[in-house]
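Residue-level structural notes
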Amino acid sequence: VFINRFFQVAHNPNMSILGLKKKQPKTFKVKVITMDAEMEFSCEVKWKGKDLFDLVCRTIGLRETWFFGLRYTLKDTYAWLKPEKRVLDQDVPKEFPITFHFLAKFFPEKVEEELVQEITQHLFFLQVKKQILDEEIFCSPEASVLLASYAVQAKYGDYDPNFHKPGFLAQDELLPKRVLMQYQMTPDMWEEKITAWYAEHRGIPRDEAEMDYLKIAQDLEMYGVSYFSITQNKKDTELLLGVDAQGLHIYNPNSKLNPNKSFPWSGIRNISYSEKEFTIKPLDKKKEVFKFYSSQLRVNKLILQLCIGNHDLFMRRRKVDSIEVQQMKAQAKEEKARKKMERQILAREKQMREEAERAKEEMERRLFQIQDEARLANEALIRSEETADLLAEKAQIAEEEAKLLAHKAAEAEQERQRLEVTALKTKEEKRLMEQKMREAELLAVKLVEESERRSKEADHLKQDLNEAKDAERRAKQKLLDITKTTYPLIAAYSSPPLPLPADGGGLNLETGSIRIDFKDTDMKRLSMEIERERLEYMEKSKHLQDQLKELKSEIESLKLEEQQAGIFSHRGETRACPEPAYLPQSTRNSSYMAQMSFLEEV
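Residues numbered from 1 in each chain as written. Predicted model: local features only at pLDDT ≥ 70, side-chain atom pairs only at ≥ 80, totals over all residues. Heavy atoms only, no water.

If you check an unreviewed UniProt entry, the protein appears there as NF2, moesin-ezrin-radixin like (MERLIN) tumor suppressor b from Lepisosteus oculatus. What UniProt records for the protein under Subcellular location (unreviewed entry) is the sentence "Cell membrane". (UniProt positions renumbered as here; feature names shortened; annotations may be inferred.)

A count of helical and extended segments in the protein gives 12 helices and 16 strands. In the protein, buried positions account for 29% of the 602 residues. Intrachain contacts of the protein at a sequence separation of at least 6 include 59% that bridge at least 24 residues. Carbon and sulfur atoms form 55% of the exposed surface of the protein, whose accessible area is close to 41,300 Å². (Helix = DSSP H or I, 4+ residues; strand = E, 2+ residues; numbered from the N terminus. Buried < 20%, exposed > 50% of the residue type's maximum accessible area, 1.4 Å probe, protein only. Contact = heavy atoms within 4.5 Å. Areas by Shrake-Rupley, 256 points an atom, 1.4 Å probe, with all protein chains shown as cover.)

Another aspect to go through is the pairing of strand S1 (residues 27–33). Relative to strand S2 (residues 38–44), S1 runs antiparallel, the two being bridged by seven bridges. Each residue of the ladder has a partner; that of Val30, found in S2, is Phe41. As consecutive antiparallel partners, S1 and S2 are separated by four residues. Pairing geometry for S1 and strand S5 (residues 98–104), over four bridges, is parallel. Looking across to S5, one finds that Val32 is bridged to Phe100. (Pairing = 2+ DSSP bridges.)

As a packed pair, helix H4 (residues 118–133) and helix H8 (residues 206–217) sit with axes 9 Å apart at the nearest point and diverge in direction by 50°. With respect to their mutual orientation, H4 and H8 come out oblique. Pair H4 / H8 crosses with left-handed handedness. In this structure, H4 contributes Glu118, Gln121, His122, Phe124, Phe125, Val128, Lys129 and Ile132 to the contact, and H8 contributes Arg206, Asp207, Glu210, Met211, Tyr213, Leu214 and Ala217. (Axes fitted to C-alpha atoms, helices over the stretch in contact; angles between N-to-C directions. Parallel < 35°, antiparallel > 145°, perpendicular 65-115°, else oblique. Left-handed = near helix turned anticlockwise from the far one by under 90°.)

Here it is as structure tokens:
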């Protein structure tokens, strides 16, 4: 280089020797903060905003650069680094290193169709997630829990109850503070609800989980909207202007969800800006021109930048994709197919590894089981040998016992034969006793019938006796009446006394008195017959009582013999003496006791 420079000076005398020392350009330090990293660069003084932005994009590997920008803080507001101006010529902070935030400046209408690169999706996911957690985007509690479950899937992968124990989300910020304060729920309860949704996302890879998160978030009302304070005229109350990928929206200051008026990009013909006044001219000339005012010049420039950038992207989406975008989409498609194939291979390998581990565990378990079985078999063999010796001793003892039992069996057989003979005798005696009992029962029945007949005859005789006594009384009364009537006649005629009849009865008349002797032969005869019947009845009753006493004594003796005889054995079995089959025991005892009680009363 020095020789070349020397020859150049020789051919060009106007070139100074001092040119041999090249001046080093001045540089300044820049710190760029992305959503997941911090980077520091050394920039040249002459660099424009585009140079720094391209350096950051190349560093992180981002090709979809049209969505992003470098934002810096300026007093109470923020601004975006302009690409066409030098960095140091803009109103950037003068402190070194200069801090910039690499953020999404414009948002797509449909994230699934427009976001091609995985890095682009990831940066959008992180930024939207932060805006939801910081409550810059309003999200309902239900949607917050669902989004949190996709965020957990993107961070931790598939849910594994053995690895993801309760409390594994304690350090993660997943829900907005407004949602946490809205319900009286503990962190464990929130984690349980998030985990329930998280378990259902099994098999979804990280990039797809982030895309599912963005597809849900893009339907939120405040997604991708930049808000600015404006007034419709200089004296009106304040309003809010919202700028997003769809167009311009006018809100009340207290409501950022539902706009009062909207101007879609397709319906706007022109947006003009003059100092603090903005004019929106609709494409339809019949519609009224809308004007609004913004008090700060920096804010007005920022509004104009966002309007121009969102409108350019709106028009770009309606055109055919450029060659670069088509190549990116093709590469992204191939990359997704490759990753899908890798995931499938990985899933198969994981499944095969799990199956191999399960087979290994099964073999180890089977080995332990076989070892246990061998140990148990060995112990059983030792026990069986000991048992065999014991059984040999028991067999010898059993043989001796068998001989003794055979001797006892012979004796038992003799005793059984003796008991059978005794049982036969007992049966015969019992049969005779039962026959006597039946005869006694028949006799008792006959005596009862005879007693009833005699009772009826006694009643008839008592009735005849009463009738005879009544007849005697009436006859005596009639005789007295006749005597009173005939007495004066007897006194008048003074006739001699009449002789007494031969049977001792008749009429005797003495001096001053009359004695009447009346004898009823029928009454005497009747009384004699009654007395004779009573005596006969008493004799029969006494005879019957004697028979019953004798029968009782025989029954008692038989019962005593049965108790002494007990039960007898027949071929090793024990049987009680059977009762007579012709009548149940309870019936015989009750009938017998009733007859005995009746006869005793008689």
